[in-house]
Amino acid sequence: MTKVNIGITEKNRQSVAEALSHVLADEHILYNKTRSYHWNVEGPSFMELHKLYEEQYTMLAEIIDEIAERIRTIGHYAEGRLKELLKLASLEEPPVPTRFEKQIPSLDADHETIIINLRKLIKKFDEDYKDAGSSDFVTGLLKQHEKMAWMLRSYK
Ligand SMILES: [Fe+2]
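As a convention, each chain's residues are numbered from 1 in the sequence order in which they are written. Two thresholds apply to this predicted model, a pLDDT of at least 70 for residue-level local features and 80 or more for giving and counting side-chain atom pairs, whereas whole-chain, interface and lining totals are computed over all residues.

Draft legend 1. How the structure looks around the overall build of the chain. A run of DSSP states H or I qualifies as a helix once it reaches four residues; a run of E qualifies as a strand once it reaches two. Both are numbered from the N-terminal end. The secondary structure content of the chain amounts to five helices and zero strands. Throughout, radius of gyration means the C-alpha value; the globule benchmark is 2.2 Å times the number of residues raised to the power 0.38. Relative to its length of 156 residues, the chain is compact, with a C-alpha radius of gyration of 16 Å against a globular reference of 15 Å. In terms of its C-alpha atoms, the chain occupies a principal-axis envelope of roughly 55 × 30 × 20 Å. Here a residue counts as buried when 20 or more other C-beta atoms fall within 10 Å of its C-beta, as exposed when 12 or fewer do, and as partly exposed in between; the C-beta atoms come from the backbone. Burial statistics for the chain: of 156 residues in total, 31% are counted as buried. Once C-beta atoms are placed from the backbone, any two residues with those atoms within 7 Å are in contact. The contacts in the chain between residues at least 6 apart in sequence include a share of 75% that link residues at least 24 apart.

Here you go:
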């Protein structure tokens, strides 16, 4: 691996990369869930939710890309194998409900799990690992998830 000299110790960069790999894995799970809900949603707001889900999984795909590239930026490789990502994820993959009444709370709960985790990482990256860039980066992700969660919550 190329030597990376950006003022963060190797050990700290490693810790940040590992934490980001877990986030990357959870984003994959949520991306997939949102996309399968887009396909299978049923209910009176079908078209609206079909479109909202598409907007959100498109955003999640962008987030996935940004996380993988952040991991590369701090000198590590990004995991891209689904089987390995599943092992790293903390979110689960329960059966896919088709009714929006079940889909909305399930998506919202996953966003909340990610938000709570990201909030911890903001502090950890900055204070424990001295990586202000990654701390700022996850702050950006946090805000995007907060906004997606608000939109979903509004259908409850
Ligand atoms: Fe589609």
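Next comes the rest of the write-up.
Draft legend 2. Broad picture of the packing of helix α1 (residues 10-40) against helix α2 (residues 46-73). One way to put it is that α1 packs onto α2 with a least axis distance of 9 Å and a crossing angle of 160°. Classified by the interaxial angle, the pair formed by α1 and α2 is roughly antiparallel. α2 is crossed by α1, and the crossing has left-handed handedness. Residues are grouped as follows: Ala, Val, Leu, Ile, Met, Phe, Trp, Tyr, Cys and Pro are nonpolar; Asp, Glu, Lys and Arg are charged; every other residue, Gly included, is polar. For the contact of α1 with α2, the per-class residue count stands at 16 nonpolar, six polar and four charged. Every axis in this analysis is a line fitted to C-alpha atoms, fitted for helices over the stretch in contact. Angles between the N-to-C directions lie between 0 and 180 degrees. In these notes the angle categories are as follows: under 35 degrees is roughly parallel, over 145 is roughly antiparallel, 65 to 115 is roughly perpendicular, and the rest is oblique. By definition, any crossing whose near helix is turned counterclockwise from its far helix by less than a right angle is left-handed, and any crossing with a clockwise turn is right-handed.

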